[in-house]
Amino acid sequence: MVMNIILVSIGNYKDYILHCINNLFLFGNTNITLITEKKFMPNYHIFPNLKMIDYKTLDLDDFDCKLDTNFRDGFWYYSSLRLFVLYSYIRDNNIENVIHLENDIMVYENLDNFNYPEKIFIPVD
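The rules behind each value
Residues numbered from 1 in each chain as written. Predicted model: local features only at pLDDT ≥ 70, side-chain atom pairs only at ≥ 80, totals over all residues. Heavy atoms only, no water. Pairing = 2+ DSSP bridges. Helix = DSSP H or I, 4+ residues; strand = E, 2+ residues; numbered from the N terminus. Axes fitted to C-alpha atoms, helices over the stretch in contact; angles between N-to-C directions. Contact = heavy atoms within 4.5 Å. Phe/Tyr/Trp six-rings, centres within 6.5 Å; stacked < 30°, edge-to-face > 60°. Buried < 20%, exposed > 50% of the residue type's maximum accessible area, 1.4 Å probe, protein only. Salt bridge = Lys/Arg side-chain N within 4 Å of Asp/Glu carboxyl O. Core = buried A, V, L, I, M, F, W, Y, C linked by side-chain atoms within 4.5 Å.

A. Region of the structure containing the sheet that holds strand E2 (residues 32–36). Overall, parallel pairing links the four strands, which are arranged E3-E2-E1-E4 in an open sheet. If you trace the sheet from one side to the other, it starts and ends with strand E3 (51–54) and strand E4 (98–100), each paired once. Shown here is a sheet whose adjacent strand axes are inclined to one another by a mean of 25°, direction ignored. Here strand E1 (residues 4–9) pairs with E2 via five bridges, running parallel. Paired with serine 9 across the two strands is threonine 36, which belongs to E2. Lying on the sheet, helix H1 (residues 16–26) is in contact with E1 and E2; it crosses E1 at an angle near 170°.

B. Examining the packing of aromatic side chains more closely. Inspection of the entire model under this criterion finds four aromatic pairs. Seen from their ring centres, tyrosine 13 and phenylalanine 40 are 5.7 Å apart, and the 40° between their planes marks the pair as tilted. Separated by 27 residues along the polypeptide, tyrosine 13 in the loop between E1 and H1 and phenylalanine 40 in the loop between E2 and E3 bring together distant segments of the chain. Of the residues examined, phenylalanine 40 reaches a relative accessible area of 9% and is grouped as buried.

C. Main features of the pattern of salt bridges. The final tally for this structure, using the stated rule, is four salt bridges. The network of salt bridges with shared partners includes Asp59, Arg91 and Asp92.

D. Molecular detail of unusual backbone geometry. The phi dihedral of asparagine 94 falls on the positive side, at around 50°, and the residue is not glycine. Within the secondary structure, asparagine 94 sits in the loop between helix H2 (75–92) and E4. We classify asparagine 94 as exposed; its relative accessible area is 65%.

E. Layout of the nonpolar core. Counting residues in hydrophobic clusters, the biggest one holds 17 residues, and the most contacted among them are Leu7, Ile21, Leu24, Leu34, Tyr44, Leu50 and Leu101. Contributing elements (two or more residues each) for this core: E1, H1 and E2. With residues near it in sequence (within four places) discarded, leucine 7 still touches Cys20, Ile21, Leu24, Ile32, Thr33, Leu34, Ile35, His100, Leu101, Glu102 and Asn103. In terms of nonpolar packing, the next biggest core, distinct from the first, is built from 12 residues, Val8, Ile35, Leu81 and Leu86 among them.

Listed below in structure tokens is the structure:
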């Protein structure tokens with residue numbers, strides 16, 4: 001099964017995402033989409049096969065966040081917005097078989113090789 005790997009980087013650019021993306025490609029993961037901001041896109045041009053989406057092109061009418069925008073440069077705000085961005089992209093493009101990773105996660109396997117059950121997996125802390 002071909003997995004759609006989707007990363008989201010909005011609000012604050014952290015360069016460790018470059019290691020995450022590079023490692024995904026090193027292990028044969030090829031269907032990778034990054035939803036980000038237009039101003040961050042030049043940081044990712046080292047990955048010619050990376051599909052990039054400007055999050056401002058997505059329909060986010062349902063997002064009305066009242067969370068603190070000051071704590072850690074908008075951590076709570078952008079953490080919440082990221083989920084709405086992800087959902088909007090998946091919904092509007094009718095995408096199935098999705099894996100969403102945190103930007104600081106390293107994957108050491110081709111994610112297409114797994115036999116996924118028809119379930120939703122949610123990491124909790």
